[in-house]
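# Residue-level structural notes
Below, each chain spelled out in residue letters.
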Amino acid sequence: MTIKAAVFASGTGSNFEAIMEATDLKCKITLLVCDKPGALVIDKAASYDIPTLVFNPKEYSSKSEYEKMIHRQLQHQGISWIFLAGYMRLIGNTLLDEYESKILNIHPSLLPFFPGKDAIGQAYDAGARETGVSIHFVDAGMDTGPVIAQESVMIEENDTIEKLKERIQKVEHHLYPKVINQVVSNKVRE
Ligand code: GRF
């Protein structure tokens, strides 16, 4: 039986694209969920003929209201996994309860270091020698759930933030599909 998954993203969607381009993905991405009307990732989904659920959180009275709406869509489509890829919002109890241990996030640092926004800039500004990429199960906190995989990226002497970001993204794009395959085939559990 096909395992169906949704990607949640708010931005440019380079990780979404990397997941879609993975040749051996062991699940099928059948939905993009996006909280930013106009985000570039929406065009990317269209180019792969992936249906998109775009919503404006401001039009809902609470997180639980829009998460209930998302949940109805996910259930309707028989989606069993959620992969966050630059979704700039905390997941609330509605989705956490329904998708327990079935939500992953990718973050551009070696967690627990540099959680939250602009993790690459945080590491660069702190003068760290090393940063990297983490993929973790999602809980109610900001980048706090159990880590599944990490890969480090060295910060070079004369690095620029742009060059560092490029190297980090390269790691993200090969690591996420790999970890997705591990979790959907039950090789890793929370
Ligand atoms: C990635 O760096 C990811 O780790 C972070 O948000 C960024 C999304 O980038 N959570 P993109 O939209 O996939 O290019």
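Above this text you will find the structure in question.
Counting from 1, residues in each chain are numbered in the order their sequence is written. Totals for whole chains, interfaces and linings use all residues, but because this is a predicted model, local features are given only for residues with pLDDT of at least 70 and pairs of side-chain atoms are given and counted only at 80 or more. Derived side-chain values reflect all non-hydrogen atoms in the structure, with water molecules and hydrogen atoms excluded from consideration.

## Some thoughts on the overall build of the chain
Under the convention used in this document: A helix here means a DSSP run of H or I that spans at least four residues, while a strand means a run of E at least two residues long, and both kinds are numbered starting from the N terminus. Any two residues whose heavy atoms approach within 4.5 Å at even a single point are treated as in contact. What sets the accessible areas is the Shrake-Rupley method with a 1.4 Å probe; for residues, cover comes only from the shown protein chains. Here the positive residues are Lys and Arg and the negative ones are Asp and Glu; neither His nor the chain ends is included. For the purpose of locating charges, the reference atoms are NZ of Lys, CZ of Arg, CG of Asp and CD of Glu.
When its secondary structure is counted, the chain shows 6 helices and 7 strands. Along the chain direction, N to C, the helices and strands of the chain fall in the order β-α-β-α-β-α-β-α-β-α-β-β-α. Here the C-alpha coordinates of the chain stretch approximately 50 × 35 × 35 Å along the principal axes. Within the chain, counting contacts between residues at least 6 apart in sequence, those at least 24 apart form 62% of the total. Per element, the accessible surface of the chain, about 9,800 Å² overall, is 49% carbon and sulfur. For the chain, the centre of its 20 positive side-chain charges and the centre of its 25 negative side-chain charges are spaced 4 Å apart.

## Section: the pattern of salt bridges
The condition is simple: Put simply, a salt bridge is a Lys or Arg side-chain nitrogen that is within 4 Å of an Asp or Glu carboxyl oxygen. When accessible area is computed with a 1.4 Å probe and restricted to protein chains, residues below 20% of their type maximum are described as buried, those above 50% as exposed, and intermediate ones as partly exposed.
Tallied over the full model, the rule gives 4 salt bridges. In this structure, Lys44 engages Glu17 in a salt bridge whose closest nitrogen and oxygen atoms are separated by 3.6 Å. Taken together, the positions of Lys44 in helix H2 (residues 40–47) and Glu17 in helix H1 (residues 14–21) put the pair 27 residues apart, joining distant regions of the chain. Overall, Glu17 belongs to the partly exposed group, its relative accessible area being 31%.

## As for the site of the ligand
To keep it simple, the criterion reads: If even one non-hydrogen atom of a residue comes within 4 Å of a molecule or strand, that residue is called near it. Two N or O atoms form a polar contact when they lie within 3.5 Å of each other; inside protein one atom must be a possible hydrogen donor and the other a possible acceptor, and for residues adjacent in sequence the pair counts only when both atoms belong to side chains.
Around the ligand lies a shell formed by Thr12, Gly13, Ser14, Asn15, Gly86, Ile106, His107, Pro108, Gln169 and Glu172. In this structure, Thr12 approaches the ligand through a side-chain N or O atom, which is 2.8 Å from an oxygen atom. With respect to the ligand, the side chain of Ser14 contributes an N or O atom lying 2.5 Å from an oxygen atom. Compared with its free state, where it exposes 370 Å², the ligand has 86% of that area covered by protein. Taken together, the elements giving at least two residues each to the shell around the ligand come down to H1, strand E5 (103–107) and helix H6 (161–184).

## Notes on the packing of aromatic side chains
As a reminder of what qualifies: Geometry of aromatic contacts follows a simple scheme: Phe, Tyr and Trp rings, the Trp one being its six-membered ring, pair when their centres are within 6.5 Å, and the pair is stacked under 30 degrees between planes, edge-to-face over 60, tilted otherwise.
Here the structure, examined in full by the defined rule, presents 7 aromatic pairs. Judged by centre distance (6.3 Å) and plane angle (80 degrees), the rings of Phe55 and Tyr60 are edge-to-face. The exposure class of Phe55 is buried, given its relative accessible area of 4%. The class for Tyr60 is partly exposed, based on a relative accessible area of 28%. Between Phe55 and Tyr66 the ring centres are 5.0 Å apart and the planes differ by 35 degrees, which places this aromatic pair in the tilted class.

## A short note on the pairing of strand E2 (residues 28–34)
Keep this limit in mind: For a crossover, the right-handed case is the one in which the path from the first strand over the helix to the second runs clockwise, viewed with the strands pointing away from the viewer. Two strands make a pair as long as DSSP finds a minimum of two bridges between them.
With 6 of 7 residues buried, E2 is to be regarded as a mostly interior element. Handedness of the crossover is the feature at issue here: the chain leaves strand E1 (residues 4–8), passes through H1, returns alongside E2, and the resulting connection is right-handed. Sheet analysis places E2 next to strand E3 (residues 52–54), joined by 3 bridges and oriented parallel. Residue pairing in the sheet places Cys34 in a bridge with Val54 of E3. In terms of handedness, the path from E2 via H2 over to E3 forms a crossover that is right-handed.

## Remarks on the layout of surface pockets
Rules: Site definitions follow a grid-based scheme: protein atoms alone, a 1 Å grid, a 1.4 Å probe that fits but cannot get out for cavities, and for pockets an open set with protein on both sides within 12 Å along at least five of seven lines, plus lining residues having an atom within 4 Å of a point. Grid points are joined across faces, edges and corners, and a volume is the space filled by probe spheres set on the points. Each residue is assigned to one of three groups, with Ala, Val, Leu, Ile, Met, Phe, Trp, Tyr, Cys and Pro labelled nonpolar, Asp, Glu, Lys and Arg labelled charged, and all others, Gly among them, labelled polar.
By volume, the largest pocket is sized at about 880 Å³. Considering the residues around the largest pocket, the lining is formed by 37 residues, among which Gly86, Tyr87, Met88, Ile106 and Pro108 are closest to the centre. Among the secondary structure elements, those contributing two or more residues to the lining of the largest pocket are H1, E5, helix H5 (119–125) and H6. Of the residues assigned to the lining of the largest pocket, the class counts are 16 nonpolar, 14 polar and 7 charged.

## Some thoughts on the packing of H1 against H2
Rule in force here: For every element, the axis is a line fit to its C-alpha atoms; helices are fit only across the contacting stretch, and the angle between N-to-C directions ranges from 0 to 180 degrees. Put simply, angles under 35 degrees are roughly parallel, angles over 145 are roughly antiparallel, angles from 65 to 115 are roughly perpendicular, and the rest are oblique. Note on convention: the crossing is left-handed when the near helix lies turned anticlockwise from the far helix by less than a right angle, right-handed when the turn is clockwise.
Two numbers describe how H1 lies on H2: the axes approach to 9 Å, and their chain directions differ by 15 degrees. Relative to H2, H1 is oriented roughly parallel. At the point where H1 passes H2, the crossing takes the right-handed sense. The residues of H2 that touch H1, namely those facing Ser14, Phe16 and Glu17, are Val41, Lys44 and Ala45. Counted by class, the contact of H1 with H2 contains 3 nonpolar, 1 polar and 2 charged residues.

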